[in-house]
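Coordinate analysis (summary)
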Amino acid sequence: VLLAVGAILGRLGRFIGLPAGLLFLVVGMLMGEDGIWGVEFDDFDLTYAIGSTALGLILFHGGLSTPVDTLKCAWKPALALATLGVIGVTLVTAFGLKIFNPENTIAVCLLIGAILGSTDAAAVFDLLAGQKLKGRAKEIIEVESGLNDPMAFVLVFGFTAQVAYGTEPGMPLVWFLVEQIFFGAVLGVILGWAWLHILRKARVGPGLYPVLAIAAAITTLGVTMQLGGSGLLATYLAGMIIGNHSIPYRPTVDRIFATLAWTSQITMFFILGLLVTPSLLLEDNYHLMIGGALMALWIAFVSRPVVVGTILLVFRVPWRENLLICWSGLRGAVPIILATVPILALSTRD
């Protein structure tokens, strides 16, 4: 029933101009502890596992749909936004949080800034699906969304260690960043080419071939994470390698992964909605609601426009495209999934 509702809401979201993920989130809230069915759900481990897997499938689909020409024309500004841009948004957001709530420590401000630092691939891909834009704006936004999650994850893990365990950021954080990006990129390329070879040589028939492609996405994600790299980066790159070469039953694979991407969005946002307990915000926590609203406005009107706009000026992106890219950095499931990291760390410490 929820999948059926999600499919209908996906169509409705495009009609009324709202991200489908927001509607799925509302459905989860309506089913949650304060909702119609009163489902009690607070399993952050399961949420993180499901969210990471869903993001991996979404990014693999994004890679399959990204022509290599897109990467060629957009990789420089997109890579700058995915690295320096995430760091810059983190710092400016932390600065705003410190202004609005001086009681927070600098480490906490940086942690929250890192959680809110990256865009959401699911929301961005949904927004841009079928859109025809002039210039490089669409390409830059898509590649940035596919590449910026690793930087955000690294910063969140680093600042979580500082907040939860008192670990000072420094060379360990830098090494962790290098390790995640290096192994993520290398394993993504290696596994992408390996799975491309398997997909071309396998003779499993049209029914099982999409299953093999799904296995390619999930094993790339899991193996890379187990070996210390960014599974999300690896999955995106592997999808891009496979998507830019001929494979059997390509139309079927594209349709299956489009379906999987939507199913992943519905599942991910629904579970995140279950985690939300609105009544907690009404129990003398109005300052959290006001602070959250102020931070949303700060990110929309200050953090991303200032940082992204400045970086794109270096690459001489026309001002109209610059403005569009500044305002297309949608936040969605990724910050909520990242927020589970410090929660899990603090619960483990306690």
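Let me begin by describing the structure that accompanies this report. Residue positions are given per chain, counting from 1 as you read along its sequence in written order. With the structure being a predicted model, the display of local features is reserved for residues of pLDDT at least 70 and the display and counting of side-chain atom pairs for 80 or more, all residues being used for whole-chain, interface and lining totals. As a convention, hydrogens and water are excluded, and side-chain values are obtained from all of the structure's heavy atoms.

By the secondary structure assignment, A20 is in helix α2 (residues 20–31). Through-space distance from the C-alpha of A20 to that of I266 is 8.5 Å; in sequence the pair is 246 residues apart. A run of H or I in DSSP becomes a helix once it reaches four residues, and a run of E becomes a strand once it reaches two; helices and strands are each numbered from the N terminus.

With 15 residues, helix α1 (residues 2–16) extends 20 Å from end C-alpha to end C-alpha; this agrees with the ideal 21 Å at 1.5 Å per step. What α1 keeps buried is the set G6, L9, G10 and G13. The buried side chains of α1 occupy one side of the element, clustering within an arc of 115° when seen end-on. Opposite the buried face of α1, by more than 90 degrees, sit the exposed residues I8, R11 and F15. Should any heavy atoms of two residues lie within 4.5 Å, those residues are considered in contact. Summarising the contacts, the buried residues of α1 are in contact with α2 and α12 (250–275). One or two steps after α1, the chain reaches G17, where phi turns positive at roughly 85°. The length a helix should cover is 1.5 Å for every residue beyond the first. Summary of the burial criterion: residues with accessible area below 20% of their type's maximum are buried, those above 50% are exposed, and those between are partly exposed, where the area comes from a 1.4 Å probe applied to protein chains only. Throughout, the arc means that of the directions going from the helix axis to the C-beta atoms.

So, about the layout of surface pockets. Of the voids in this model, the largest pocket is the one considered here, and its volume is about 2,200 Å³. If you go around the largest pocket, you meet 50 residues; those closest to its centre are L116, L288, G292, A293 and I336. Of all the secondary structure elements, the ones that give two or more residues to the lining of the largest pocket are α2, α4 (68–100), α5 (106–115), α12, α13 (278–282), α14 (286–314), α15 (319–327) and α16 (333–349). Among the residues forming the lining of the largest pocket, the class breakdown is 38 nonpolar, 10 polar and 2 charged. Both site types are read off a 1 Å grid over the protein atoms alone. A 1.4 Å probe that fits but cannot get out defines a cavity, while an open set with protein on both sides within 12 Å along at least five of seven lines defines a pocket; lining residues have an atom within 4 Å of a point. Grid points are joined across faces, edges and corners, and a volume is the space filled by probe spheres set on the points. Three categories are distinguished: nonpolar for Ala, Val, Leu, Ile, Met, Phe, Trp, Tyr, Cys and Pro, charged for Asp, Glu, Lys and Arg, and polar for the others, with Gly belonging to the last.

Here we come to the side chain of S264. Here S264 is to be found in helix α12. Here S264 is in contact with A54, L57 and I58, once residues within four sequence places are set aside.

Most of helix α7 (residues 137–147) sits out of view: 11 of its 11 residues are buried. Among the residues making up α7, those that are buried are A137, K138, E139, I140, I141, E142, V143, E144, S145, G146 and L147.

Moving on to the pattern of salt bridges. The salt bridge criterion pairs a side-chain nitrogen of Lys or Arg with a carboxyl oxygen of Asp or Glu, the two atoms within 4 Å. Summed over the entire model, instances satisfying the criterion amount to 2 salt bridges. Note that R304 is salt-bridged to E144, the shortest N-O span being 3.1 Å. Of this pair, R304 sits in helix α14 while E144 is found in helix α7, placing the two residues 160 residues apart along the sequence. Across the pair, E144 and R304 agree in class, each one buried. Note that R250 is salt-bridged to D254, the shortest N-O span being 2.9 Å.

Pairing of aromatic rings covers Phe, Tyr and Trp, the last through its six-membered ring, and needs centres within 6.5 Å; plane angles under 30 degrees mean stacked, over 60 mean edge-to-face, and all others mean tilted. Enumeration over the complete set of coordinates arrives at 7 aromatic pairs. Pairing F60 with F257 gives two aromatic rings, centres 5.0 Å apart and planes at 40°, and the pair type is tilted. Taken together, the residues F60 in helix α3 (residues 44–64) and F257 in helix α12 connect sequence positions 197 residues apart. The pair F60 / F257 is uniform in exposure class, with both members buried. On the basis of an interplanar angle of 50° and a centroid distance of 6.5 Å, the ring pair of F95 and W298 is categorised as tilted. Of this pair, F95 sits in helix α4 while W298 sits in helix α14; the two residues are 203 residues apart in sequence, bridging distant segments of the chain. A residue is classified by how much of its surface remains accessible, and F95, at 52% relative accessible area, is exposed. The exposure class assigned to W298 is buried, which follows from its relative accessible area of 16%.

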